[in-house]
Amino acid sequence: MTSEMVNPLYDTLFGRHSGNASPFLILPDGSEVSYSAFLAQTAQIAGHLAALGLNPGDRLAAQVAKSPEALALYAACVQSGVVFLPLNTAYTASEVTYFVENSGAALVVCDGGNLDALTRVAEKLGAQIATLNADGTGSLMDGAANQSATFATAHRSRDDLAALLYTSGTTGRSKGAMLSQDNLLSNAEVLVDEWRFTDADVLLNALPIFHTHGLFVASNVTLAAGGAMIFLPKFDVDTVLAHLPRATSMMGVPTFYTRLLDDARFDRAATQHMRLFTSGSAPLLAETHDTFRARTGHAILERYGMTETNMNTSNPYDGDRRAGTVGFPLPGVDLKICDPATGSELPQGEVGQIEVRGPNVFMGYWQMPEKTAEELRSDGFFITGDLGLIDDQGYVQIVGRGKDLIISGGYNIYPKEIELILDEQPGVLESAVIGVPHPDFGETVVGVLVAEPGRAPDEDAIMAAAAGALARFKHPRKLIVLDELPRNTMGKVQKNILRERFGDLFNGS
Ligand code: MLC
Ligand code: AMP
């Protein structure tokens, strides 16, 4: 009975594997980490966090490479009740500063290579700092080595905060989505059932573990099912193909699948033993779905989620997995299509704003009650910012976005954040950042600039300024200078006109 558990998320995902000597992680060199070894390391890290003075509810910000130790750090946070705040390894020190400051993190764990820059950040903000390198070494693990391989699991309830995941906003300021133990646990349990995961599964996980997809969908589902995970530090076609024969299942963003399809070795024989491929985080083109099916015989199962909500919908495991749709609301999830202006529910078949409610939906934004109130209705429905419809057979289709968002290779990029940087640059009067189709990343970033009268913006200097402030994946891949931006009668920039005009920039690249 989960209600009697000391710490429902820890007990269900981790604790129940105590003494289990079967493999949990399979590493790129073929070596394995058993569940029991993983749990011993988790307990040691939890012991070290406690020795550093971290208490349940404190935040720990981790900007570390994907490694078994990095995953054990997540588990240790759950075991000790510390709130886990994972950060994209591409973020610059100035981006990390905001997250540490906004969350009031008590400890920053970073790669040794970033220690100097982040020590300055941590000192300024009164946080402690520790290192965890890609090879699993660092001061965090040195400290953990002195600790016991058992740890008295902290008491937590299903309503307690488990993780803080930052998502950018249309105003350019990131917001910390507060995810409770129940948000994570309920979603993992539903997905195990829906996607038929068991302890016989071996999931190929080449996703980063600082986002919902690689951490909560892939890792939590594997843990909840008691299966094993081929744990690759990043996506690389050769490595994936080398490990695929041992896998039963794989989760990916569309870029993974288009890159695999670009390789002739990826065919029916290479995937014969697989039982499931899932896709999400960005739209999977119907064309990719169809090509994949023709090449391998597998219908990719597309699902739809968000940082704030975990997974909302999924195509059926048994039944028709329809290209261009994200399937049905998951059990326990209410989904409706609403008029963006009035919020009232629209009839079936009409396009409107997608709203969702359920145990998967987050608790609100960290210390931003006004932002929470704007997006999370008092009746529990979350306004996703995605536009969609429900077809006559109940399948949900996402047809666009009400929010100004670019999704590149599964990473979200909010144009406002880039526009704020571009607008500050010498010679730039104003800017508009748009997403245009890209054959590899789905969409990519283009910056449209208007020069100050009589001046020519220095594109190299602008790109250098962007590089200092923003993670590489957010950098414009092209800058264009126009005499003026198209505007409607209200004076609003018409980005749709820019997207149409520059939509072919990367065709054939
Ligand atoms: C890397 N680069 C990117 C990029 N990833 N640029 C734009 N978009 C991206 N997504 C940069 C690199 O720094 C590099 O810079 C250049 O682009 C090309 O690098 P690459 O070697 O081709 O990239 P690679 O390292 O292979 O990474 C591509 C990728 C990766 C697609 C494998 O981005 C990835 O793993 N994406 C998954 C994202 C994810 O997990 N999203 C889930 C969010 S959760 P340079 O300097 O060399 O040009 C969520 C909820 C839900 O959305 O529903 O799941
Ligand atoms: P994130 O904030 O990184 O969690 O990204 C969530 C957003 O990704 C959603 O609001 C959608 O716009 C998009 N998304 C996730 N899955 C899909 C999908 N299967 N198809 C289309 N868009 C998706």
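These numbers come from a predicted model, not from an experiment.

(A) The arrangement of the side chain of Glu443 in detail. Looking at where Glu443 falls in the secondary structure, it is placed in strand E24 (residues 442–451). Given a relative accessible area of 17%, Glu443 falls into the buried group. Aside from chain neighbours lying at most four places away, what touches Glu443 is Arg401, Ile406, Ile407, Ser408, Gly435, Val436, Pro437 and His438.

(B) Here's a closer look at the site of ligand 1. Around ligand 1, 23 residues are found, and the nearest of them are Arg259, Ser281, Arg303, Ser408 and Arg472. The side chain of Arg303 places a nitrogen or oxygen atom 2.7 Å from an oxygen atom of ligand 1. Note that a nitrogen atom of ligand 1 is positioned 2.9 Å from one of the backbone N or O atoms of Gly409. Calculation on ligand 1 without its partners gives an accessible area of 1,000 Å², and the protein chains cover 75% of this total. Of all the elements in the fold, those that place two or more residues in the shell around ligand 1 are helix H10 (254–261) and strand E13 (301–306). Looking at the shell around ligand 1 residue by residue, the classes come out as 10 nonpolar, eight polar and five charged.

(C) Focus on helix H3 (residues 68–80). When the terminal C-alpha atoms of H3 are compared, their 18 Å separation across 13 residues agrees well with the 18 Å that a helix rising 1.5 Å per residue should span. Counting buried residues in H3 gives 13 out of 13 residues, a clear majority hidden from the surface. Once H3 finishes, Gly81 follows within two positions and takes phi at roughly 80°, a positive value.

(D) Fine view of the sheet that holds strand E20 (residues 396–401). In space, the four strands of this open sheet follow the order E16-E17-E19-E20, with antiparallel pairing throughout. Strand pairing shows two members of the sheet lacking a second neighbour, strand E16 (334–338) and E20, which therefore form its edges. Strand-to-strand twist of the sheet, defined as the mean angle between neighbouring strand axes without regard to direction, takes the value 50°.

So, how was this worked out
- Residues numbered from 1 in each chain as written.
- Chains lettered and ligands numbered in written order.
- Predicted model: local features only at pLDDT ≥ 70, side-chain atom pairs only at ≥ 80, totals over all residues.
- Heavy atoms only, no water.
- Helix = DSSP H or I, 4+ residues; strand = E, 2+ residues; numbered from the N terminus.
- Buried < 20%, exposed > 50% of the residue type's maximum accessible area, 1.4 Å probe, protein only.
- Contact = heavy atoms within 4.5 Å.
- Near = heavy atom within 4 Å.
- Polar contact = N/O pair within 3.5 Å; in protein donor to acceptor, adjacent residues only side chain to side chain.
- Areas by Shrake-Rupley, 256 points an atom, 1.4 Å probe, with all protein chains shown as cover.
- Nonpolar A, V, L, I, M, F, W, Y, C, P; charged D, E, K, R; others polar.
- Expected span 1.5 Å × (residues − 1).
- Pairing = 2+ DSSP bridges.
- Axes fitted to C-alpha atoms, helices over the stretch in contact; angles between N-to-C directions.

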